[in-house]
Amino acid sequence: MTVRLCQPFCALLVLLLCSCAPQANLPHLDMDSVGAEAKFQQTLVLRDSVDKLDRLNRVGWDIRSRNAELCGERVVHGVGLRFLELDDYKKEQRELVQEVLGVSWRPTVFQIPPGSPGALAGMRRGDIVLLVSNVQVANKKEAHAAIDAAIEKGEEIPIVVERGGERLTFVIKAVPLCGYPVLLNKDPVVNAYADGDRIFVNLGLLKFIQSDDELAGVIGHELAHNTQKHVRDKVTNATLGRLLVDLPVIVLTGVDPNVGWQIGRSLYSQGYEFEADYVGQYYTARAGYDIRIVPNLWRRMALDDPKGITLGTTHPCTSERFVALDAAAAEIENKRKNGLALKPEIKSSPSWLAKKDDKKDEKKEAPKDLAPNGPSSAPASGPAPFSGRISADVEE
Ligand SMILES: [Zn+2]
């Protein structure tokens, strides 16, 4: 009944809307051209996402491989290869992926950072993997498993690929890497973070940064949070606050103030950031990137999110920070000029670092103005045994 009552009004609405329709006599559109434009745009989107992944993988590889000797007990071995196959994509995407990236139904080389063993041996994106360590591999899972097994044994890895109808053989060997994989997080917020075991870079940050140098500055900073055990120390501080402040109050009053936890958690926050800046500058410089751009990167990030300027518990964009960054850059430059090893000055060097310090380093004192405010870095018992695990450098 209600529907029947509405009908005349609906008809009136349609009439009114028709009178508002565009009146220009638009040119006829060729549907083939429309289809070609759609494909062109899809190609742009695919290439753009691959370019971002490539940048993350390339810079992540450089930072992790060139700082392995400073990652102490957290060293793994890897080859930096990641494979794809058409099964990884939806049906409607496969044709484009095959055409643009050369991905096939068989395991196809996708990620291969320029400085990685595969790239140095001559492997390329689009190579179809046939054999790993003389064993036939039918899919990427088998290919990765065969590589993992060879790394575990510390063996050289012969890989037979098909390229343009030709069979080519490459022999690669895993190299040491900092055992903190760099992963993509599909969050649009301009941010990156470390969780003690991994480094996450948000998609928003990848869109924001303008060069490999800028991304290297961010990854170096986050790697320093992990190597300097800031996450673990924060949890320890918070737990102590809980035990020493919150728990007694709960026992006496029955009310949970949750103050000790908060105080403990925020303790040394700015000190951790200064330390991550300082140590991270070394990681970035050692990987061959230009650290002179780092201060301006943080300034741009502060402009993007002005809260960052005053939010003392995260990345402090204070004037002290920029002065400290410049001082760290000057310290690194000075070491370069004098042929000294590029190693950050840590108050109490872990045993594995002390052993590697050369005589020149031992003579130098830690710069007072750059010494971290937080607790000294955690001692380590020595280099971990060869883990043999291939690391996932970038996760889509
Ligand atoms: Zn930080």
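Residues numbered from 1 in each chain as written. Predicted model: local features only at pLDDT ≥ 70, side-chain atom pairs only at ≥ 80, totals over all residues.

### Observations concerning unusual backbone geometry
Only a minority of non-glycine residues have a phi that is not negative, and only a minority of peptide bonds are not trans.
Phase 1: Within the chain, Ser-133 stands out as a residue other than glycine whose phi angle is a positive 50°.
Phase 2: Assessed through the 16 C-beta atoms surrounding it within 10 Å, Ser-133 is described here as partly exposed.
Phase 3: Unlike most non-glycine residues, Asn-134 shows phi in positive territory, near 65°.
Phase 4: Mapped onto the elements of the fold, Asn-134 is located in the loop between β4 (128-132) and β5 (135-136). (Buried ≥ 20, exposed ≤ 12 C-beta atoms within 10 Å, placed from the backbone. Helix = DSSP H or I, 4+ residues; strand = E, 2+ residues; numbered from the N terminus.)

### A word on helix α11 (residues 294-304)
Phase 1: Inspection of α11 places Val-294, Pro-295, Leu-297, Trp-298 and Met-301 among the buried residues, and these make up the whole buried set. Angularly, the buried residues of α11 cover 160° about the axis, an arc narrow enough to put them on a single face. (Arc of directions from axis to C-beta.)

### A closer look at the sheet that holds strand β9 (residues 182-185)
Phase 1: With respect to topology, 3 strands assemble into an open sheet ordered β9-β11-β10, the strand pairing being mixed. This sheet does not close on itself; its edge strands, each paired only once, are β9 and β10 (192-194). Ignoring which end each strand starts from, the neighbouring axes of this sheet average 25° apart.
Phase 2: The pairing of β10 with strand β11 (residues 199-202) spans 3 bridges and is antiparallel. Bridged to Ala-194 within β11 is Ile-199.
Phase 3: Helix α2 (residues 31-66) contacts β9 and β11 of the sheet and is inclined by roughly 155° relative to β9. (Pairing = 2+ DSSP bridges. Axes fitted to C-alpha atoms, helices over the stretch in contact; angles between N-to-C directions. Contact = placed C-beta atoms within 7 Å.)

### Section: the packing of α2 against helix α7 (residues 212-227)
Phase 1: Closest axis-to-axis distance for the α2/α7 pair is 9 Å, and the angle between their directions is 50°. With respect to each other, α2 and α7 are oriented oblique. For the element pair α2 and α7, the recorded crossing hand is right-handed. Contact residues: α2 offers Arg-55, Arg-58, Val-59, Gly-60 and Ile-63, while α7 offers Asp-212, Leu-215, Ala-216, Ile-219, Gly-220 and Leu-223.
Phase 2: When its residues are assigned to classes, the contact of α2 with α7 shows 6 nonpolar, 2 polar and 3 charged. (Parallel < 35°, antiparallel > 145°, perpendicular 65-115°, else oblique. Left-handed = near helix turned anticlockwise from the far one by under 90°. Nonpolar A, V, L, I, M, F, W, Y, C, P; charged D, E, K, R; others polar.)

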